Structures are given as C-alpha cells and as structure tokens.
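Geometric and topological summary
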Amino acid sequence: MASTVSTNARLTNPPPHLLSTPPTSVANLRLPSARSKSNLFSAEFSSLQIRTVPAPVVFSDQLRRQSMKPSNVYVASDSMETEMGSQKLAKNPSLICAPVMADSVDEMVIETSKAQDLGADLVEIRLDSLKEFNPLEDLKIIIQKSPLPTLFTYRPKWEGGQYEGDEKERLDALRLAMELGADYIDVELQVAEEFIKSIKEKKPENFRAIVSSHNYQSTPSVEDLNDLALRIQQSGADIVKIATTAVDITDVSRMFHITSNAQVPTIGLVMGERGLMSRILCSKFGGYLTFGTLESGKASAPGQPTIKELLDLYNFRRIGPDTRVYGIIGKPVSHSKSPIVHNQAFKSVDFNGVYVHLLVDDLASFLKTYSSSDFAGFSCTIPHKEDALKCCDEVDPLAKSIGAVSTMLRRQSDGKLLGYNTDCIGSISAIEGGLRSSSNPSSVPSSSSSPLAGKTVVVIGAGGAGKALAYGAKEKGAKVVIANRTYERAVKLAEAIGGRALSLTDLDNFHPEDGMVLANTTSMGMQPNVDETPISKDALKHYSLVFDAVYTPRITRLLREAEECGAITVSGSEMFVRQAYEQFEIFTGLPAPKELYWQIMSKY
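Residues numbered from 1 in each chain as written. Predicted model: local features only at pLDDT ≥ 70, side-chain atom pairs only at ≥ 80, totals over all residues. Heavy atoms only, no water.

**Description of the pairing of strand β21 (residues 543-548)**
Residues in a regular strand project their side chains so that they alternate between the two faces of the sheet. Counting buried positions along β21 gives five out of six residues, so the element sits mostly inside the fold. Pairing of strand β20 (residues 516-520) with β21 involves five bridges; the strand directions are parallel. In the strand pairing of β21, leucine 518 is matched with valine 546. Of the strand pairs in this sheet, β21 and strand β22 (residues 568-570) are connected by three bridges, and their pairing is parallel. Considered in β22, the bridge of valine 546 is made with threonine 569. Between the parallel elements β21 and β22, the chain passes through helix α16 (residues 557-564) in a crossover that is right-handed. (Buried < 20%, exposed > 50% of the residue type's maximum accessible area, 1.4 Å probe, protein only. Helix = DSSP H or I, 4+ residues; strand = E, 2+ residues; numbered from the N terminus. Pairing = 2+ DSSP bridges. Right-handed = clockwise from strand over helix to strand, strands pointing away.)

Below, the structure written as structure tokens:
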C-alpha cells in the first residue's frame, strides 16, 4: 500500500522551504509598474522596445455635466491620485463606457441615465441600432439630455454593425454629432483618413476622434498589431481602438503588449470569453477604456461584462499598474464563484489584487505566456489539476502524494511556480463536519480521531478532486472505493492508495454494507446539466452521508435524491469555502476573513 501524507498538514501558509518570507503589510505587496517593464508577460516580448504611455486625454466637457456627482467621476487625468476629504486615494486611469443600443431615441436617453446610475463614465450611442433616425433633431436630443459624456458610433455592416445605408449619409451624421457637441466619435480605419481630413478645420478643442479596427476571427501577431496601431495613428486618430477575437487566452497577452507600450491613448480589447481578461485588466496594462453593459444580454460585442460586474465583482476602480493578478483556471470556468469570494476578501483587507475567470485550453502554454510576477497565483479546476502538478517548479508534499495541484503561487523572488492541494483539506473537513453535526456524540469516534475512521467511502471520479478526497479519506482511516467511468483510471488510483476499484456502471449494485459515505468529485450534475446524476436514487439508501463537490447549483439532483432517501447531505459549497480561504492565505500571506467567505456563499 502506498504511503500517504497527513491531511492535518496546514496549507494556510506556504512552507518556509518553498517560499520567501510572506509580506507582513499591504505596502509590501505591490509589484513594479507594468508600464516600466519589458517582460510584461514572458521573455517572448523582452526584445521589443518599450515606450511610455501618456495619461489618456481628459475631456473637460465633463465639467458641464451638472448632474454628475463629483465623488463618482473617475476621469483620466495626469494624476493617479485624487483627494476625498483629507484622504488621498489611488485613481483608476481607465474609463467605463456603457454601450447604448435601442430602437428609439427616447429609449436611448433613458438608458444614458441608467448608465450614470450604474457608475459608467461615458456612453457609446450606437446609432446603427435605431429603427428611425433624424440626424439633426435626434443628435441634439441625445447630446443635450445625456447626463454623461457621449461617444457616437454608427457602425456599418461591413465592420460588424447594423447600418446598411448610404456611406456619405453615415459619415455626415458622425460629422454633425461632432458639431453639435459630442465628446467622441468612432470611425472605422477603412474610411478614417478622408473623414479626419474633412473635420480637421471644424474640430472642437475638447473633441476626440477614435479610429477603430475590428477583427472577428483572430488576434494577429504583436508585429501585425503594432503595424495596425501605427496605421490608425497615422490616419489622424486622437485615440486608437483595436478589437480582436481570442482563439486562445494567450492571444490577450499580445493586446496587453500593445496597450502597455502605446504612444497615444489606446483602447485594446479582445472579444469572446477567452478575452475577458482584456476588459477587466485594461487599467493595469494602459487601456484608455473598457466597455460595460447595462445588463446581461445587452452587449455590443462578444464577451462584454456588465457595469455591475466590473465595479462590484472585479473591483475595477481598485485596479492599477501595480495590481497583482490571480484567477481560476478551468474549462469550463464561467460558473465559478471564486472571483466573487476572493475579490471581496481582497477588498476587505485592502490587498492590491484582482481575481479573474481564466478559460484555459492549454495550461502549459498559458503559464509560459503569463510568466511574469504580475500574474501571481492561480486556482485550478477541471480539467487542469493533474497537468498543474507537471507545470509547477516545486510542489508541496501533500499535493505530490495526491498527484494533483489545485492552487499555484508564483514566488516573487525568483518567479518559480509553487503547487499546493487545497481540495483535500476542503473536502475532508466538509464531510467530517457533516458527520459530526448530525451524529449522536456517543456514536462518533473520540475527538482525537476522525468520524470517517472505519467507514466505507465511495469516491466517484479519479481526477484531481477525486484523488485529493481519496487520499484524505484513506489517511483518516476510511476504507476507500473508487468508482470511475474509465475503469482503468479507477484501478490506478485504488492501487495508489490501497483501495478498491469499481466501474461507474457497477455502482448501483455495490452495497456491501449500509451507512456508507458517497462523494461525487466529477462535474456530473453541474449547470447546465442539472438533471444528471452518477447513481440511481434507489442505490442511495445504502449511504448515511452524500457529498457532492458540485456547487452550481447548490442542491444538485444527487443531493436532493439523497436527502429524500434519508441521508445527510453536504453541498460542494462547504468544500468550496474551506479550500477558498486556504487559497487566500497562500496568495496573500494574511489571515483569511473566514466569516466573510461564509457570509458571501450563503447567498448562493
């Protein structure tokens, strides 16, 4: 039988032999400014010349918007600090722009007020979404009634918009918007040079022309993006806008390189779920603005988060050049609640970090691309936990024994990746808690031993989470059975821990005794596949406790049917919270605000 490592080993602070001394104050947690470094991501870009990024241009026109509350205005300026009372606060240099797409001008005016209420800095008026449009009358109304600065876009079908009419009429409308007091207009690179020449003599002092290029298929190379940015700049643009599409999450690094090294204000965004990071981290990497929608389903381009998500989920106003980036690596990953709990926890202790969703296809490629100290730590979920072990430079003994890593930390002194397993302590403590809280004190083993001792624990799944739970249960004195869809994998794990293997198809007929513990560590039953379950309801009568690592939804079909059969049920939320605050302590070196974690997850 293979030896096991005690799950009592604390993971709350990285072992001294693996880490340099943890920071003792928030002041020690800042990284060098991204804009001053040549190795923003990896050595791949180190030979490219770095240029300084000037502060984005300020539109003084905002001062005439009387309805804007000064305490809520975050405009780009030459200063990175603002005074609030007697207190100086760091200011986020990037703006939040709310796209307004509506059938009528009246609806658009209403939505500009909604954008202000939600916390946007300006609105993008998508004229191509209007069913009817009288340029002179409608533009006056929108500009006069919008409580926020306005950016007018009249996107033609050939650039991804809805307009299919006369090109001269389209450009005349944008020119008129400028003359009537628009703060910005967006014009496509294909027609920009002639258009910019035509407005040169009429251009108001505080007006800015954005020249844009959209690629809905891919993200070009750094060299091609540099050439594109130069062409846009040479067309006469005040602000460069480049939007591309992420085929892989590593594509975003090329856009970060462009915005970090731009010589003029630049909007650089990567569309799609794999490009989400570009929209959240734009202020860290020099982006002029990002787009935030009024609500889900109202995006003007693929992958746009809502304003509420930017401000409340990702703490957008707190992100700056020195902010450390953390994230949940997985595929799928959008269901994860990790950004919700970690970002609120970071904010509660004033830790300068942001935690994002990272849809990763190839883990090794991702870690190689984002190898700078800016990308400071990661959580790993399905299907990357076993691959994460191979990608780490040093691995905690427990994680090594389990064969899976769920938490990675980049050591700041040398950039090495350190691997830990927080799933084990999270899942085992959740199951033990369930057994202790519902059992007769006299029937539970003494406090010095685990309530799992002597019990048969059936673990469904032989992946990273299954390995962690199986090792933990074995260490606690349980008899472990591994049930897996691929029988060979079940055998391999069973042999490693000294347990028994089953094919998942045989699980319904496996009942050597009553009072067993069942633990599902697969994604079966996770949203959107909420009707799936790994075992029949009839077979659940042989289990005294059923645990499901899935926490979206909180009550899965497996847990619902187990409760109907009289079993104790333990939700994946219990494991999630326990491993999450272990991760927080690894990431920050600070004590976790455990009550806050439980409070947040009680809402889900």
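**Some thoughts on the pattern of salt bridges**
Counted under the stated rule, the structure contains 32 salt bridges. Residue lysine 168 is joined to aspartate 172 by a salt bridge in which the shortest nitrogen-to-oxygen separation is 2.9 Å. Within this pair, lysine 168 and its partner aspartate 172 are both found in helix α3 (residues 167-180), separated by four residues, close to a single helical turn. In this structure lysine 168 comes out as exposed when scored by relative accessible area, which is 58%. Note that aspartate 350 is salt-bridged to arginine 318, the shortest N-O span being 3.2 Å. Separated by 32 residues along the polypeptide, aspartate 350 in the loop between α9 (338-348) and β12 (353-359) and arginine 318 in the loop between α8 (307-313) and β11 (324-330) bring together distant segments of the chain. Overall, the relative accessible area of 34% leaves arginine 318 in the partly exposed class. Counted as one network, the salt bridges with shared partners bring together Arg155, Glu167, Arg170, Asp186, Glu188 and Lys241. (Salt bridge = Lys/Arg side-chain N within 4 Å of Asp/Glu carboxyl O.)

**Thoughts on helix α1 (residues 105-118)**
Compared with an ideal rise of 1.5 Å per residue, which puts 14 residues at 20 Å, α1 spans 20 Å between its outermost C-alpha atoms and is within 8% of the ideal. For α1, every residue scored as buried is listed here: Val105, Met108, Val109, Glu111, Thr112, Ala115 and Gln116. Along the axis of α1, the buried residues cluster in a sector spanning 165°; they form a single face. Turned more than 90 degrees off the buried face of α1, the exposed positions are Asp106, Ile110 and Asp117. For α1, the elements touching its buried residues are β3 (95-100), β4 (122-126), α2 (135-145) and α8. Glycine 119, located one to two residues past α1, shows a positive phi value of around 110°. (Expected span 1.5 Å × (residues − 1). Arc of directions from axis to C-beta. Contact = heavy atoms within 4.5 Å.)

**Let's talk about α9**
Because each turn of an α-helix spans 3.6 residues, side chains separated by three or four positions in sequence point in the same direction. The buried fraction of α9 amounts to eight of the 11 residues, a majority that puts the element mostly inside the structure. When α9 is considered as a whole, its buried residues turn out to be Ser338, Pro339, Ile340, Val341, His342, Asn343, Ala345 and Phe346. Buried residues along α9 sit in contact with α8, β11, β12, α17 (572-588) and α18 (594-601). Where α9 ends, the next residue or the one after it, aspartate 350, has phi of about 60°, a positive value.

**Side note on the sheet that holds β3**
The sheet built from eight strands is open, its strands ordered β9-β8-β7-β6-β5-β4-β3-β10 with parallel pairing. Each edge of the open sheet carries a strand with a single partner, namely β9 (266-271) and β10 (289-291). Going across the sheet, the axis of each strand differs from the next one's by a mean of 25°, ignoring polarity. Of the strand pairs in this sheet, strand β6 (residues 184-188) and strand β7 (residues 208-214) are connected by five bridges, and their pairing is parallel. Note that in β7 the partner of tyrosine 184 across the bridge is arginine 208. (Axes fitted to C-alpha atoms, helices over the stretch in contact; angles between N-to-C directions.)

**Let's talk about the sheet that holds β22**
With parallel pairing, six strands are arranged side by side in an open sheet as β19-β18-β17-β20-β21-β22. Sheet topology places β19 (500-503) and β22 at the edges, where each strand pairs with a single neighbour. The average angle at which neighbouring strand axes cross in this sheet is 20°, direction not considered. Sitting on the sheet, α16 is in contact with β20, β21 and β22, with an inclination near 160° to β21.

**Looking at the UniProt feature "domain: SDH C-terminal" (unreviewed entry) in the protein chain**
Taking the UniProt record as the reference, the feature "domain: SDH C-terminal" (unreviewed entry) is found at residues 572-595. Between the C-alpha atoms that bound residues 572-595 there is a distance of 18 Å. The span itself is 79% helix and 0% strand. (UniProt positions renumbered as here; feature names shortened; annotations may be inferred.)

**What about the nonpolar core?**
By size, the foremost hydrophobic cluster in this structure holds 114 residues, and its most contacted members are Phe152, Ile185, Met277, Ile280, Leu358, Phe366 and Met408. For this core, the element with the most residues is α17, which contributes seven residues. The residue makeup of this core includes at least three contributed by each of domain 1 (92-318) and domain 2 (322-420). Core analysis: the next-biggest nonpolar cluster, separate from the first, contains 32 residues, Ile431, Leu493, Leu545 and Phe547 among them. (Core = buried A, V, L, I, M, F, W, Y, C linked by side-chain atoms within 4.5 Å. Domains from an automatic or database assignment.)

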